[in-house]
Amino acid sequence: MKRVKLICLTVFFLFLAINLSAQIPEPQDVLGFELGTDRKLADMHQILDYFQKLDKASDRISLKEIGKTTMGNPFVVAYITSVENHKHLEKYRKYQQMLADPREISEEKAQQFIQKGKSVVMINCSLHASEIGASQMSMKLAYDLATQNDPATREILDNTILLLVPMHNPDGIQMVVDWYRKHLGTKYEGSRMPWLYHKYVGHDNNRDWYMFTQVESKLTVEVHNNWHPQVIVDMHQMGSHGPRIFVPPYVDPFEPNVDPILRQEVAEMGTFIASELTAQGKAGVIHSTWFDAWTPARAYHHYHGGIRVLTEVASADMATPVQIKFEELPEMVKKPSVKMPLPWKGGEWGIGDILEYDYAAAWAALTQAARLKENWLRNFYRIHHKAVNRTQPPYAFLVPPKQRDLATAVKMMNVLQIGDVEIHKARESFTADDHPYPEGTYIIYMDQPYGGFAKTLLEEQDYPEIREYPGGPLKTPYDVVAHTLPLLMGVDVVEVKKPFQVKDKLMAEVTSPQGKLERKNSGFGYVWGHESNDDMVALNRILKKGYKVYWNAQKFEAQGESFPCGTMIVQEEKGLIEDLGKITQDLHVQFKGLENEPEVQTYALQPVKLGLYKSWTASMDEGWTRWVLEQYEFPYKSIYDEDIRKGNLHQNLDVLILPSMGKERIIQGVSEEDIPPKYAGGIGELGVRNLRQFVEEGGTLITLNSAAELPLKCFYLEVDNCVEEVERKEFFIPGSMLKVLNDTHHPIAYGYKRDGAVFFRRSPVFAVKEGESVVRYPLHNPLLSGWINGKEQLYNKSAIVDVPLGKGEVILLGFPAQYRAQSHHTFRYLFNAIFYGPAELR
């Protein structure tokens, strides 16, 4: 009788499961096509709609909107786990939080949480929107986890909590799918868009994991910090002609602050995924090549107890299949090797293949995380336990309260706090490493859960020399190698080796103090500094109001105080005091009264009609420049190829910025073979003549980094890029911080000290025969952080050059002054150049 009842009960639950599955829509029921079908893609709205329907139909899935994207679309995360786990989701989240900070729990409690907790896996799909496959795959993965009841699925659901981000960049998904659909059936099917697939940063959206400038980065980190996942899978795509998928292990070097346990776990997970895919007969699975784990810009997770598993699947032409012959593949993937034991033999490759490989990789990661649940939780705890019990130097980093640009120093500390770094503030003066420090000094101790993250961003990098083979040439790094925030942002930071004692308080938030307005002795007007980015925002606001503003071109004395070149002066007018008072409410600017007009030469400033060249080749540098200009309140107009070809630029512009792009890319643009005629062609030779005419008639042309090539070669300036013909094996700097010397009497360098630091990334190096060298490299090794090969090529050469041409100026900024919105210290070179060109010396 009992057996009959058991059978009946089993049948009932089986029937119930089948019935519930029948109520959960399959992707094709909502989309109208089967996932993986050639030339069919779901857009952002369809993906959101499907996940919303899953949320309503399945009690294994909970969809949450975390916030809005850059363009105002929903940024969502699907929380997927068993029904029983969903009932206790907050409990498991608290387990994660407590294991992440062992200071809060006993060893006994930790062991209980390890046994009772669940491994947390975060899968970020299609970080780059044109790498579309993972966003499509996410629907299949979610559906199977919502409906399947086999042992493998139950194992995943019972032992893991999945945080599935179906679209890291929803705005971009909509853009690329709209573009693809528009050109289906034409010669441009599968072509690249002529604009970025993120409003500002395009492909660089996964280089923002320690500066957190973009909305999507902040939202993703918010989810991460709430849950502290042990495993994070970032799903990408790569070129078509190569392996079918890359997974870790990574190649050397690992960033040295990444815990050794975590490095081994990366390799463990990567090889498990590789073996699972190979066991399924999937060819072309490669590991241990190309990609390293050096920069935190791509690997926030490595400093927060989780592994970052990068997957790179071979691409098609979006959803259009490609034919690849075996003989077209590179030699390294044609033969079996330790890295890739099962080569792919070539053939047709399409969106269905991409989805299949993405799905298999995601499922393998979930399977491994489920089977080794306790291992993941235990090692997660061990990593953080080591962090909070750290004893090796340095003991702390100090941020003194007196800074040339205090507002930017506060921004730096805010960045660290977004990364869950604890910052204390001294309540008394103290001594550390035999040096005195005042009350109000900020202290970042290293013995905290994310002290390693802080250390990584605050110390100077020393990228190791790795050679292609013993005695062979240096192997150039995969990506940029310096990420020292104090150098990038111009903040004074002190590393302290030994422990010290001080009364302090933990800061919930570090805020910038308000500015000040000293009204006495203000007969002529007011002065303020030129040392901070807030000073430049104040300048923009004051000019916008129509006040008369000047930069003094010579040092002067007034009211017992000395004012250096570049001090900003605003002349007294009705309403000025009220407007300056408003500025001090949200900007750290110090306005002081000025009794008399200084008897020195000054530059009379004016609101600038600013243009920013926007090519149809979709420049990330242009996008980052737009973002920086907007953040610092510079009004600008995008200038397109056709605008430059039309000419008469000086009628509408005072200043034009060329973002970092090569000469041919600006002049030739994209061929009609690759993009619709509306977007083809560049500025052409006519545009080059019009640019020169613009400068000769009094305009200012500012070039960023590699864009210097155009005026150097087309305007025949007496300035050479002396590293242009030097081979990469003789000179190469992929992204490092270098020392420079500033001519502080030149307006472009106003507000800087003599010694400075710039970010050099595959940049030109100028030998000046005509014009003024504003910023140059020293006569010794200029490396401050990162890696350099061929340092002698820089000795006494120039980094910024001001070249008069006719009535105007060509200003060559020979490095990315606005680099990924990280190099706050060098923003003012660009800002000064914008105002300097149209300014009138009187």
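Residues numbered from 1 in each chain as written. Predicted model: local features only at pLDDT ≥ 70, side-chain atom pairs only at ≥ 80, totals over all residues. Heavy atoms only, no water.

## Focus: the pattern of salt bridges
And then number 1: Within the structure shown, the criterion is met by 39 salt bridges.
And then number 2: The partner of Lys334 in a salt bridge is Glu331, with the nearest N and O atoms 3.2 Å apart.
And then number 3: Given a relative accessible area of 55%, Glu331 falls into the exposed group.
And then number 4: Here Arg541 makes a salt bridge to Glu633, at a shortest N to O gap of 2.9 Å. A residue pair is termed long-range when its members are at least 10 positions apart, and Arg541 in helix 17 (residues 533-544) and Glu633 in the loop between helix 19 (620-631) and strand 29 (637-639) qualify at 92 residues.
And then number 5: Of the residues examined, Glu633 reaches a relative accessible area of 35% and is grouped as partly exposed.
And then number 6: Several salt bridges converge on common partners, so that one network encompasses Arg207, Asp292, Arg298 and Asp479. (Salt bridge = Lys/Arg side-chain N within 4 Å of Asp/Glu carboxyl O. Buried < 20%, exposed > 50% of the residue type's maximum accessible area, 1.4 Å probe, protein only. Helix = DSSP H or I, 4+ residues; strand = E, 2+ residues; numbered from the N terminus.)

## Digging into the sheet that holds strand 2 (residues 74-80)
And then number 1: Strand order in the open sheet formed by eight strands is 1-2-4-3-5-10-6-8, and the pairing between neighbours is mixed. Since the sheet does not close on itself, it has two edges, and those belong to strand 1 (61-68) and strand 8 (285-286), each with one partner.
And then number 2: Across eight bridges, the pairing between strand 5 (residues 231-238) and strand 10 (residues 307-314) is parallel. By the bridge assignment for strand 10, Ile232 is matched with Arg308.
And then number 3: Packing against the sheet, helix 7 (residues 133-147) makes contact with strand 1, strand 2, strand 3 (119-124), strand 4 (160-165) and strand 5, and its axis sits at approximately 145° to strand 4. (Pairing = 2+ DSSP bridges. Contact = heavy atoms within 4.5 Å. Axes fitted to C-alpha atoms, helices over the stretch in contact; angles between N-to-C directions.)

## Looking at the pairing of strand 36 (residues 772-776)
And then number 1: Examined bridge by bridge, strand 33 (residues 736-742) and strand 36 share two bridges and lie antiparallel to one another. In the sheet register, Leu741 faces strand 36, and the bridge partner there is Arg776.
And then number 2: In terms of strand pairing, strand 36 meets strand 38 (residues 798-805) through four bridges, oriented antiparallel. Note that in strand 38 the partner of Arg776 across the bridge is Ser798.

## Quick look at the layout of surface pockets
And then number 1: Empty space within the second largest pocket amounts to approximately 660 Å³.
And then number 2: Lys411, Asn414, Gln631, Tyr632 and His824 are the residues nearest the centre of the second largest pocket, which is lined by 31 residues in total.
And then number 3: Going through the elements one at a time, helix 14 (406-418), helix 17, helix 18 (576-586), helix 19 and helix 24 (824-836) are the ones with two or more residues in the lining of the second largest pocket.
And then number 4: Looking at the lining of the second largest pocket, its residues break down into 15 nonpolar, nine polar and seven charged. (1 Å grid on protein atoms, 1.4 Å probe; cavity = no way out; pocket = protein on both sides within 12 Å on 5 of 7 lines; lining within 4 Å. Points joined across faces, edges and corners; volume = space filled by probe spheres on them. Nonpolar A, V, L, I, M, F, W, Y, C, P; charged D, E, K, R; others polar.)

## Focus: the side chain of Asp405
And then number 1: With respect to the helices, strands and loops of the structure, Asp405 is situated in the loop between strand 13 (396-399) and helix 14.
And then number 2: In terms of polar contacts, Asp405 uses its side chain to reach the side chain of Thr408, at 2.7 Å.
And then number 3: In contact with Asp405, not counting residues within four places along its chain, are Glu531, Ser532 and Asn533. (Polar contact = N/O pair within 3.5 Å; in protein donor to acceptor, adjacent residues only side chain to side chain.)

## Comments concerning the packing of helix 3 (residues 44-57) against helix 7
And then number 1: Following both chains from N to C, one finds helix 3 and helix 7 inclined at 10°, their axes separated by 11 Å at the closest point. One element, helix 3, and the other, helix 7, form an angle in the roughly parallel class. Contacts between helix 3 and helix 7 involve Ile47, Tyr50, Phe51 and Leu54 on the former and, on the latter, Ser135, Gln136, Ser138, Met139, Ala142 and Tyr143.
And then number 2: Among the residues forming the contact of helix 3 with helix 7, the class breakdown is seven nonpolar, three polar and no charged. (Parallel < 35°, antiparallel > 145°, perpendicular 65-115°, else oblique.)

## Here we look at the pairing of strand 39 (residues 808-813)
Consecutive side chains along a regular strand alternate between the two faces of the sheet.
And then number 1: Of all six residues that make up strand 39, six are buried, and the element is covered over most of its length.
And then number 2: The alternating pattern of strand 39 places Gly808, Val810 and Leu812 on one face and Glu809, Ile811 and Leu813 on the opposite face, and all of these are buried.
And then number 3: Two strands pair when backbone bridges link them, and strand 31 (residues 700-704) and strand 39 are joined in this way by five bridges, in the parallel orientation. Bridge pairing links Leu701 to Val810 in strand 39.

## Considerations on the sheet that holds strand 22 (residues 549-552)
And then number 1: Here seven strands make up an open sheet; going across it, the order is 20-26-21-25-22-27-40 and the pairing mixed. Bordering the open sheet on either side are strand 20 (516-518) and strand 40 (840-841), each of which pairs with just one other strand.
And then number 2: Summarising the sheet, strand 27 (residues 602-604) and strand 40 pair through two bridges and their orientation is antiparallel. Pairing of Ala604 across the sheet is with Glu840, part of strand 40.

## A few points about the nonpolar core
And then number 1: Grouped together as the largest cluster of nonpolar side chains are 165 residues, with contacts concentrated most on Ile123, Leu141 and Leu164.
And then number 2: Top contributing element to this core by residue count: helix 12 (residues 351-371), with 14 residues.
And then number 3: Setting aside its immediate chain neighbours within four residues, Leu141 contacts Ile123, Leu162, Leu164, Tyr359, Ala362, Trp363 and Leu366.
And then number 4: Core analysis: the next-biggest nonpolar cluster, separate from the first, contains 71 residues, Ile542, Leu576, Ala749 and Ile800 among them. (Core = buried A, V, L, I, M, F, W, Y, C linked by side-chain atoms within 4.5 Å.)

## Things to note about the state of the cysteines
And then number 1: For the structure shown, the criterion picks out zero disulfides.
And then number 2: No disulfide involves Cys714; its nearest neighbouring cysteine sulfur is the one of Cys722, lying 19 Å away.
And then number 3: With a relative accessible area of 18%, Cys714 lands in the buried category. (Disulfide = S-S within 2.5 Å.)

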